[in-house]
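Tertiary structure, described
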Amino acid sequence: MGESDPFGAVRELEHDGTTYKMADLTVLEEEGLCELDKLPVSIRILLESVLRNVDGKNITTDDVRNAASWGPDVPDVELPFQPSRVVLQDLTGVPAVVDLAALRSAVDRKDRDPSIVEPEIPCDLVIDHSVQVDYFGDEDAYEKNVELEYERNEERYRSIKWAQQAFENFEVVPPGTGIVHQVNLEHLGRVVHRREEDGDEWLIPDTLVGTDSHTPMIGGIGVVGWGVGGIEAEAAMLGQPITMGLPEVVGVRLEGELPEGATATDLVLHLTEKLRQVGVVDRFVEFYGPGVSELTVADRATISNMAPEQGSTISMFPVDDKTLEYLELTGRDEDHIELVKEYLDAQGLYGEQEPEYTETVDFDLSTVEPSLAGHKKPHARIPMGDLDEHFPNLLEEQGVVQADGAAPVKHDLELGDKVPVTLDDGTEVEIGHGSVLVSAITSCTNTSNPSVMLAAGLLARNAVENGLDVPDYVKTSLAPGSRVVTAYLEESGLMDDLEKLGYSVVGYGCTTCIGNSGPLQDPIEDAIDEHDLWATSVLSGNRNFEARIHPKIAANYLASPPLVVAYGLAGRMDIDLEEEPIGHDDEGEPVFLEDIWPDTEELHDMVHNSVSPEMFEEKYASVYEGDERWEALDAPTGEVYDWDDESTYIREPPFFQDFPLEEPGVEDIANARCLMALGDTVTTDHISPAGPFGEDLPAGQWLKERGVEPHEFNTYGSRRGNHEVMMRGTFANVRIENEMLDGKTGGYAKHLPSGEETTVFEASERYRDDDTPLIVMSGIEFGTGSSRDWAAKGTDLLGIRATIAKSYERIYRDNLLGMGVLPLQFEEGEGWEELGLDGTEVYSIEGLDDGLEMNDELTVVAREAHSASEQTSGDSQEPRDGETTEFDVTAQVSTPAAVEYIENGGVLHKVLRELLTEE
């Protein structure tokens, strides 16, 4: 609680002989500030945080009144939110550790106590994003992959282990335990926290932010939590409130029940498509209505997990009896479960709710049909029966084949043609357009859900009994979200059948969905290159952006785990599994999907008999200890990190070196050049790739110059502790298209005024040498995707002072603010193309000299510039004046805190200045 209690909200709750304090929301109703039952549950939880932390300084009584004033027509007010904890995964967690270490080094250089840099709220880092699928298809795959994981990431893991001993409020879940979201759902999430403060025991709602965009999965158990960039998470850890606009809340009323044969994944894909159509960006989503009781908590978590794909900040289900049953199933203490119910009852937060919403959406569960999503957007749903038409149409749209696939376009390969490939072991196979080369039951969206995981096992059993097998060219994998999944698959006896089809456990982590699918065999990659094959992947994840799964695979499809196995068996995506056989048995008779689809009653019995609380209690009893590899890891100690200048994984970033105590402020940006002109839906995968990279790219060249061989490169994601690699990888996705380059794809830019084409990094370096500021222009949904802080850090390090887009994804926009990069938005109906711009102009952004205000209206002047060939010698740096285009933009800076971040050059810069100037 804050230093004062202006509303008299601190009250006591007695439970089992213990007296707890709580910030009682009913006080605000007594004061006439709100009607609690009309407020969405998520808003009440945010309101509790503001009420409990009001101190008259960082959080004021006006903030409480503003939060309490929520209504369907949401007032335009800001909300300072302090979560109760932070969750990190390792790809974003390592940069957070590096930043915290850099802050301590900066404080140490100023002759101050470095321990003043310390997380003020609990933080859990789950190492789950580094394991790659190098080995698959056999019982030793897991051990081999983990061995490689430690070899590749030992240096990164040492830095994490250093942080575990250096910071008091910092816990680490070692590799091989599970994915962050499932560990969060099954163990870390408490729904209600008991916290000691100044000798008092407090009860507070479990709230969090996490450095993965799928953090909202925790909304499946009624916990408010969402994804933020690592920069925001670090600020929250250091006690900075997350300042946000009071959100609109969309209520989704569920009715009916899922039909026979439809899975929770199918429901998720329908809801994602529906909510994208509604438009829920920057909004909260809550589910209510009679259909909610028809869903298990695992089903709810599957829905909540897809909040980023829906576009929402959170998608949550209020706590009810099923939530408590889930807490019991997952091994939570009985006394804690009783306390959760008693506290939430006292706050009016328990059970069925039907408050007012900004907008209400109706959805009938009975309309759900088996579906996939693809080929590159998670919200582009395709009914399963339409795939045989979808894929040929896709190839025609992409210019791979001509109409009906009849006439060849590239390398004389028609739709339906196959090319022979000899695999490494001598096996002869044939592949073509649409061949499934990766079939992955991967973590996150689905592996929290026993119903779809056991359904995959039952389908595998039925397939084996019918003599079916997966073609040799398909790379199969199973990456459970936690060790509990393996336990109940083994208990059910279905793990053997999955393994017979090649779906053996390859690791406990994100794997394929994050781009860690590992290599394809060289002969397959050669065939793809030679024949321009549009090969496919199918995975039970949530992300299928271009080049994310594997750079050689052009089309990626999301599906439920049983459908992942089904398409793995079929070996191709251009098939109608409702009408065509999935394969043939030993007698040559056709076998259809309906012949091997799990029986609903058997599946329900399997879930009931195979999953038990004891499994969760056993697997999470030593969650922070790790295996013998983690125990043997020799990590640095001490309060200040010992940087190694020769390291290619962990290097001190430049953000806080030679740190001035005076804030830099803002000023007009003059004579800037456009580094990239981009189209719509440029994702964080395009901006800051996470997967593998080659030796011909700037990041690979930098590593080779330091003696790192290509097979040791690892991935961009694993190198996020090294700014030298990451800035060279920014805007370096092989499929990003800079429209200044006439159709050329990849991380390339045109240096102006010379007109020379080079890599984005090399162009930025040349501009830096000339002291030329840079901008980037884009279309709608700029920065869609994972909460990748390096998408913003790399943007900053390339010298990009501002971005101008038609619209932004929230996390990327906030990350830009956190790095001091100014996100600007075109006026409605305008964009760089609509304004007749092509990126070759010289840009000035005016209106900043007098200071920056919230949502400031600024003017951009784009002056036509002549090419180098039209310049006189010695005049190459100052292009002659041409026609000018002036247009207005709005600064996407909606809170006073965001203004301060821009004025300080970033949020951590602001925090560091405050720490260093405190008396």
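Bear in mind the structure is a predicted one, so any value in this text is a computation, not a measurement. Counting restarts for each chain: residues are numbered from 1 in the order of the written sequence. Where totals are concerned, whole chains, interfaces and linings use all residues; where local detail is concerned, this predicted model gives features only for residues with pLDDT of at least 70, and gives and counts side-chain atom pairs only at 80 or more. Only hydrogens and water are set aside when side-chain values are computed; all heavy atoms of the structure are taken into account.

Under the scheme used here, helices are H or I runs from DSSP no shorter than 4 residues and strands are E runs no shorter than 2 residues, and both carry numbers assigned from the N terminus. Assigned secondary structure in the protein consists of 30 helices and 34 strands. What you see for the protein is a C-alpha radius of gyration of 27 Å, in line with the 29 Å of a compact globule of 919 residues. C-alpha extents for the protein along the principal axes are approximately 85 × 80 × 55 Å. Expressed as a percentage of its 919 residues, the buried residues of the protein come to 62%. Contacts in the protein between residues at least 24 apart in sequence constitute 76% of all its contacts with a sequence separation of at least 6. Carbon and sulfur atoms provide 39% of the accessible area of the protein, an area that totals close to 32500 Å². The quantity called the radius of gyration is restricted to C-alpha atoms. Its globule counterpart is 2.2 Å times the number of residues to the power 0.38. Each residue is assigned to one of three classes by its accessible area relative to the maximum for its type, calculated with a 1.4 Å probe on protein chains only: buried under 20%, partly exposed between the two thresholds, exposed over 50%. Note on definitions: a residue-residue contact is assigned when non-hydrogen atoms from the two residues lie within 4.5 Å. For the area figures, the Shrake-Rupley method with a 1.4 Å probe applies, and any residue is considered shielded solely by the protein chains shown.

Any helix carries an expected span of 1.5 Å times its number of residues minus one. Relative to the 28 Å expected for 20 residues at 1.5 Å per residue, helix α4 (residues 90-109) spans 27 Å between its end C-alpha atoms, a close match to the ideal helical length. Contacts described as polar in this section are N or O atom pairs within 3.5 Å, which, within protein, must combine one atom able to donate a hydrogen with one able to accept it, while residues neighboring in sequence count only if both atoms come from side chains. Regarding α4, its N-cap is Gln-89, as a side-chain oxygen of that residue lies 2.7 Å from the backbone nitrogen of Leu-91 further along. Within two residues after α4, Asp-111 carries a phi angle of roughly 60 degrees, on the positive side.

A few words on the packing of helix α7 (residues 230-237) against helix α28 (residues 810-818). In this analysis, axes come from line fits to C-alpha atoms, helices being fitted only over the stretch in contact, and the angle between any two N-to-C directions falls in the range 0 to 180 degrees. With their axes 8 Å apart at the nearest point, α7 and α28 run at an angle of 65 degrees to one another. When α7 is examined against α28, the residues Gly-230, Ile-231 and Glu-232 are found in contact with a partner set consisting of Asp-814, Asn-815 and Gly-818. Each residue receives one of three labels: charged for Asp, Glu, Lys and Arg, nonpolar for Ala, Val, Leu, Ile, Met, Phe, Trp, Tyr, Cys and Pro, and polar for the others, Gly being one of them. A breakdown of the residues in the contact of α7 with α28 according to their chemical character gives 1 nonpolar, 3 polar and 2 charged.

Right, let's talk about empty space enclosed by the protein for a bit. Buriedness for pockets is judged along seven lines, at least five of which must meet protein on both sides within 12 Å for an open set on the 1 Å grid over protein atoms alone, while cavities are sets there where a 1.4 Å probe fits but cannot get out, and lining residues have an atom within 4 Å of a point. Grid points are joined across faces, edges and corners, and a volume is the space filled by probe spheres set on the points. Overall, the coordinates contain 7 cavities of 30 Å³ or more when judged by the stated rule. There is about 120 Å³ of room inside the largest cavity. Every residue lining the largest cavity is counted, 20 residues in all, and those nearest its centre are His-129, Asp-212, Ile-514, Arg-548 and Ser-786. Across the lining of the largest cavity, the residue classes break down as 5 nonpolar, 10 polar and 5 charged. Approximately 80 Å³ is the volume attributed to the second largest cavity.

With that out of the way, let us pick up the packing of aromatic side chains. The description of an aromatic ring pair uses the distance of the two centres, along with the angle that the planes make with each other. Working definition: a ring pair exists when centres of Phe, Tyr or Trp rings (six-membered ring for Trp) sit within 6.5 Å. Plane angles under 30 degrees give stacked, over 60 give edge-to-face, the rest tilted. In the structure shown here, the tally under the stated rule is 18 aromatic pairs. Ring geometry for Tyr-641 and Trp-643: centres 5.0 Å apart, planes at 70 degrees, overall edge-to-face. Each member of the pair Tyr-641 and Trp-643 is classed as buried. Put simply, the rings of Trp-162, Phe-167, Phe-170, Tyr-641 and Trp-643 pair up and form one aromatic cluster.

This part takes up the sheet that holds strand β31 (residues 822-826). The strands making up a sheet associate through hydrogen bonds between their backbones, and the pairing can be parallel or antiparallel. Within the closed barrel, the 7 strands sit side by side as β26-β29-β30-β31-β34-β33-β32. Their pairing is mixed. If you compare each strand with its neighbour and ignore which way they point, the axes differ by 35 degrees on average. As judged from the 3 bridges shared by β31 and strand β34 (residues 884-891), these two strands associate in the antiparallel manner. Across the sheet, the residue bridging to Leu-824 is Ala-891, located in β34. Between any two strands, at least two bridges found by DSSP are needed for them to pair.

A few words now on the side chain of Thr-512. Structurally, Thr-512 is set in the loop between α16 (495-500) and α17 (522-531). We classify Thr-512 as buried; its relative accessible area is 1%. The residues touching Thr-512, leaving out its near neighbours within four places in the chain, are Val-133, Val-438, Ala-440, Thr-442, Ser-477, Ser-517, Leu-539 and Ile-549.

We now examine unusual backbone geometry. The residue after Gly-374, namely His-375, is reached through a cis peptide bond having omega 10 degrees. Along the chain, the position of His-375 falls in the loop between β16 (371-373) and β17 (381-383). Between Leu-752 and the following residue, Pro-753, the backbone shows a cis peptide bond with an omega angle of 10 degrees. Look at Asn-671: it is not a glycine, yet its phi comes out positive at around 55 degrees. Topologically, Asn-671 is positioned in strand β26 (residues 669-677). Under the relative-accessibility criterion, Asn-671 is labelled partly exposed at 34%. Even without a glycine there, the phi angle at Asn-855 is positive, about 50 degrees. Within the secondary structure, Asn-855 sits in the loop between β32 (842-846) and β33 (857-863). Given the relative accessible area of 36%, Asn-855 is considered partly exposed.

Put simply, the protein has an average pLDDT of 92, and 96% of its residues get 70 or more. Across residues 868-877, confidence stays below pLDDT 50; counting only partners more than four residues off in sequence or on other chains, it has 10 contacts. Scored from 0 to 100, pLDDT records how confident the predictor is in each individual residue.

Quick look at the state of the cysteines now. In this description, a disulfide is simply a cysteine sulfur pair whose atoms lie within 2.5 Å. Under the defined criterion, the tally for this structure stands at 0 disulfides. Summary of cysteine pairing: Cys-510 is not part of a disulfide, and the nearest cysteine sulfur, belonging to Cys-513, is at 5.1 Å. On the basis of relative accessibility, which here comes to 7%, the residue Cys-510 falls in the buried class.

It is a general feature of regular strands that their side chains alternate between the two faces of the sheet. In strand β21 (residues 475-478), alternate side chains face the same way, and those of Lys-475 and Ser-477 on one face and Thr-476 and Leu-478 on the other are all buried. Of the pairings in the sheet, the one linking strand β20 (residues 436-441) to β21 comprises 4 bridges and is parallel in character. Counterpart to Val-438 in the pairing with β21 is Lys-475.

Another point: the layout of surface pockets. Volume-wise, the second largest pocket comes out at about 1400 Å³. Lining the second largest pocket we find 42 residues, and of these Asn-58, Gln-82, Glu-120, Gly-239 and Pro-241 sit closest to its centre. For the lining of the second largest pocket, the secondary structure elements donating two or more residues are α2 (41-53), β3 (78-81), β7 (192-197), β8 (200-205), α29 (896-904) and α30 (907-917). In terms of residue class, the lining of the second largest pocket is made up of 17 nonpolar, 9 polar and 16 charged.

Take the environment of Ile-303 next. Tracing the backbone through its elements, the reader meets Ile-303 in helix α9 (residues 297-305). For Ile-303, a relative accessible area of 0% puts it in the buried group. Considered as a pair, Ile-303 and Val-474 are 171 residues apart in the sequence and their alpha carbons are 29 Å apart. Ile-303 has contacts with Leu-267, Val-268, Leu-271, Phe-287, Leu-295, Gln-310 and Phe-317, leaving out every residue within four places of it along the chain.

Patch building starts from residues that exceed 30% relative accessible area and form no salt bridge, then joins like charges within 9 Å and nonpolar side chains (Val, Leu, Ile, Met, Phe, Trp, Tyr) within 5 Å. Any carboxyl oxygen of Asp or Glu that lies within 4 Å of a side-chain nitrogen of Lys or Arg is treated as forming a salt bridge with it. Counting rule for charge: Lys and Arg are taken as positive, Asp and Glu as negative, and neither His nor the chain ends is counted. In this description, the location of a charge corresponds to atom NZ of lysine, CZ of arginine, CG of aspartate or CD of glutamate. Together, Asp-16, Asp-321, Glu-325, Glu-328, Asp-333, Glu-334, Glu-338 and Glu-342 line one region of the surface with negative charge. Those elements that place two or more of their residues in the negative patch are α11 (321-329) and α12 (334-347). Structurally, Asp-321 is set in helix α11.

A few words now on the sheet that holds strand β13 (residues 284-288). Taken in spatial order, the 4 strands line up as β14-β13-β12-β15 in an open sheet, and their pairing is parallel. Two strands lie at the open edges of the sheet, namely β14 (314-316) and β15 (359-364), each paired on one side alone. Neighbour to neighbour, the strand axes of the sheet diverge by 20 degrees on average, direction disregarded. As defined by bridge partners, β13 adjoins β14 across 3 bridges and the pair is classed as parallel. Paired with Glu-286 across the bridge in β14 is Met-316.

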